[in-house]
Amino acid sequence: MAPTGKVLYRGSVKEFPNFNASQDAEALYNAMKGFGSDKEAILDLITSRNNKQRIEISQAYKSLYGKDLIADLKRELTGKFERLIVGLMRPLAYFDAKEIKDALQGIGTDEKCLIEILASRTNQQIHNLVEAYRDAYERELEADVLGDTSGHFKKMLVVLLQGTREEDDVVSEDLVEQDAKDLLEAGDLKWGTDEAQFIYILGNRSKQHLRLVFDEYLKISGKPIEDSIRGELSGDIEKLMLAVVKCIRSTPEYFAERLYKAMKGLGTKDNTLIRVMVSRSEIDMLDIREVFRTKYEKSLYSMIKDDTSGEYKKALLKLCGGDDDAAGEFFPEAAQVAYRMWELSAVAKVELRGTVRPAADFNADGDAKVLRKAMKGLGTDEGAINDVVTHRSNAQRQEILKAYKSHFGRDLMADLKSELSGSLAKLILGLMMTPAQFDAKQLKKAMEGAGTDENILIEILATRNNREIQAINEAYRTAYHKSLEDALSSDTSGHFKRILVSLALGNRDGGGEDLTRAHEDAKVRTKLSDVSSGDSTSLETRFLSILCTRSYPHLRRVFQEFIKMTNHDVAHTIRKHMSGDVRDAFVAIVRSVKDKPAFFADKLYDSMKGIGTDERTLTRIMVSRSEIDLLNIRRVFKEMHEKSLHHMIEKDTSGDYCKALLAICGGDD
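Note that the structure is a prediction, hence the values are computed from the model and not measured.

Calculation criteria
- Residues numbered from 1 in each chain as written.
- Predicted model: local features only at pLDDT ≥ 70, side-chain atom pairs only at ≥ 80, totals over all residues.
- Heavy atoms only, no water.
- Helix = DSSP H or I, 4+ residues; strand = E, 2+ residues; numbered from the N terminus.
- Rg over C-alpha atoms; globule rule 2.2 N^0.38 Å.
- Buried < 20%, exposed > 50% of the residue type's maximum accessible area, 1.4 Å probe, protein only.
- Lys, Arg positive; Asp, Glu negative; His and termini not counted.
- Charge placed at Lys NZ, Arg CZ, Asp CG, Glu CD.
- Phe/Tyr/Trp six-rings, centres within 6.5 Å; stacked < 30°, edge-to-face > 60°.
- Lys NZ or Arg CZ within 6 Å of the ring centre and 35° of its normal.
- Expected span 1.5 Å × (residues − 1).
- Contact = heavy atoms within 4.5 Å.
- Disulfide = S-S within 2.5 Å.
- Axes fitted to C-alpha atoms, helices over the stretch in contact; angles between N-to-C directions.
- Parallel < 35°, antiparallel > 145°, perpendicular 65-115°, else oblique.
- Left-handed = near helix turned anticlockwise from the far one by under 90°.
- Nonpolar A, V, L, I, M, F, W, Y, C, P; charged D, E, K, R; others polar.
- Salt bridge = Lys/Arg side-chain N within 4 Å of Asp/Glu carboxyl O.

Draft legend 1. The overall build of the chain, seen in detail. Along the chain, the regular secondary structure elements total 39 helices and 0 strands. Rg of the C-alpha trace for the chain: 29 Å, near the compact-globule value of 26 Å for 669 residues, within the 12% margin. C-alpha extents for the chain along the principal axes are approximately 95 × 65 × 60 Å. Burial analysis of the chain (669 residues in total) assigns 52% to the buried set. Computing the positive centroid from 100 side-chain charges and the negative centroid from 108, the chain places the two 3 Å apart.

Draft legend 2. Highlighting the packing of aromatic side chains. Scanning the entire structure with this criterion turns up 13 aromatic pairs. Measuring from ring centre to ring centre gives 4.0 Å for Y29 and Y65, while their planes differ by 5°; the resulting arrangement is stacked. Pair noted here: Y29 is in helix α1 (residues 21-32) and Y65 is in helix α3 (residues 51-65), with a separation of 36 residues, a long-range link. For Y29, a relative accessible area of 26% puts it in the partly exposed group. Plain terms: the ring middles of F599 and F600 are 5.3 Å apart, the flat faces sit at 75° to each other, and that makes the pair edge-to-face. Of the two residues examined, F599 and F600, each falls in the buried class. Above the plane of the ring of F16 lies R49, whose end atom (NZ or CZ) is 3.6 Å from the centre. Its end group placed over the ring of Y137, K101 keeps NZ or CZ at 5.4 Å from the ring centre.

Draft legend 3. Structural view of helix α35 (residues 580-608). Here α35 is 29 residues long, yet its end C-alpha atoms lie only 24 Å apart, well below the 42 Å a rise of 1.5 Å per residue gives. Positive backbone phi, at 70°, marks G610, one or two positions downstream of α35.

Draft legend 4. Looking closely at the side chain of D367. Secondary-structure assignment places D367 in helix α21 (residues 364-375). Judged by its relative accessible area of 7%, D367 is buried. Non-local contacts of D367, meaning those with residues more than four positions away in its chain, are made with F362, V388, R392 and I400.

Draft legend 5. The arrangement of the state of the cysteines in detail. Taken as a whole and assessed by the stated rule, the structure comprises 0 disulfides. Here C247 is not disulfide-linked; the sulfur of C113 is the nearest cysteine sulfur, at 13 Å.

Draft legend 6. Representation of the packing of helix α5 (residues 79-89) against helix α16 (residues 270-280) in the model. Relative to each other, α5 and α16 sit at 25°, their axes nearing to 10 Å. One element, α5, and the other, α16, form an angle in the roughly parallel class. Crossing of α5 over α16 shows right-handed handedness. Packed against α5, whose contacting residues are K80, R83, L84, G87 and L88, the element α16 presents D270, N271, I274 and V278 at the interface. Taken together, the residues of the contact of α5 with α16 sort by class into 4 nonpolar, 2 polar and 3 charged.

Draft legend 7. Just the environment of I283, in detail. Inspection of the secondary structure puts I283 in the loop between α16 and α17 (285-296). Separated by 274 residues in the primary sequence, I283 and Y9 have C-alpha atoms spaced 7.4 Å apart.

Draft legend 8. Structural detail: the pattern of salt bridges. Under the counting rule described, the total for this entry stands at 49 salt bridges. Between K314 and E40 there is a salt bridge, with the nearest N and O atoms lying 3.0 Å from each other. A residue pair is termed long-range when its members are at least 10 positions apart, and K314 in helix α19 (residues 310-320) and E40 in helix α2 (residues 39-47) qualify at 274 residues. K314 gets classed as partly exposed once you look at its relative accessible area, which sits at 37%. Salt-bridge contacts for R591 lead to D602; the nearest nitrogen and oxygen are separated by 2.8 Å. What makes D602 buried here is its relative accessible area of 18%. Beyond isolated ion pairs, a larger network of salt bridges with shared partners links R83, E99, E116, R258 and R275.

Right, dumping it as structure tokens:
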């Protein structure tokens, strides 16, 4: 903790000791003299000096050689490396001004850049930016923003450009309550949305005040302010408001997310990566690193190292300033960030919502006739089948099955199986089964034939509740004349078998959290020193007895206590001390407890990213979550991967299979 009255410096780039601007200018001149340039020397010097010292080097360079250092660097360097080094040479306000100028000029506007800069800067930084823009381009930034944006997005940007956010730490409880009430009435309680109220409150109130408003909003509405923004706003104004809220809650967490999204998946968003690394290197890079390590279970350093190359990589790693505990542990500060994140998530009550709902004016007989007509005669009308099956709830589909048999004396499932083929057949047949029958069939398929698909066993058994598990057991016995427990026991072994059998019993505690017991459960980590490196048996047994039997609310509290005691996240401990299927099963349970929609969003993304599509996983999740939480999964998917689930399905699948999936998806976010 910093001494009272002194602000602790959290940048990664520090003032270089025994600094001599003329010597550095000479070193840079020599590095660029003659044929070729010594890029290593350039990056070593520039990334080792702070911004103030770099400005002095530029001035000394001009005095000594009558040349512009930035112009020389631009001539000698190329590509991303040149953009990074030149960015470091500009004062922060001029760097921001150049980024915004680039975002506004040319065809189209880079709204993400505008959002990132204007949502995250302090009042003083905004004032400096406006002055730098005027000085560099002889234009008014506000006028350029007005000319290039529109609607409520433009209005909020203009408010932020004033740099007049209140900075008083003294907060009025009455005003907090009033603002929370006004936001609720402007959004969820209003037909349409009063964007002006959101703009006024989120654009002007102090950070301390708004944090309390967000807490009060959660209390009176039962959901976080972010959920209301996503539900009430759309497009660029939605993205801007979410960015403002994230920066109010935690600016380092906002930038950690920006960096992660810039590097994950195929390709790297280098402009974002450069902008964040340059602009935060002398402000809060250490905080960003800690949040990154906590939230994404890998260090920022390691992700940059894996995702970039050459001198560009070396320079970025120097700005990063170090690798946060390659052994897989947290800084104590990062653990506390994780704990605060848990506290916030523990309070939030998220309503789980599916995308497929019962059809109004439902008529089982009429639907049965439509399906029969679609399959009768030469050819099959897949569109008609899709339209009926994907727009009825599972309970309504069961009624259609009965009506079909009553009218035509035929088995609808058998007819569908004979008329459809491939991925579409699997999807439609899956939708026609009850959820328990579908899960039972997926488990059966995972265990039959040569080899076992452990991932399917883990996905289903680690994410279903007691009632769902018990229904699966009954469906499995009815369909295959064998208990699920016996099937798992004969097809798996060791601790992995014990985990699956425990989950398959469906005997998880049903109560809430017990703080005293959670404290004791969290102590499992403190006994790790008793476990030899060659024998993790007792550790796995302890984890099994807790993760497979305690209630979800209780486990969330256990995970919080675990962080407080150890400065570790429980998933890190599992990955560090366990391996194979046991590790994967425990990690899946932990992720399901923490955030089940995020778990499924990741699995859906993985099923479609890269070359080829894992249609089996895609079908399984879309069918099984369609009436439970697919709307939540969609929202998390968009937030995590910056593209909608609808868009990715549309791009990655085709034909009637694609149409059916999009119908289940229920809309494009």
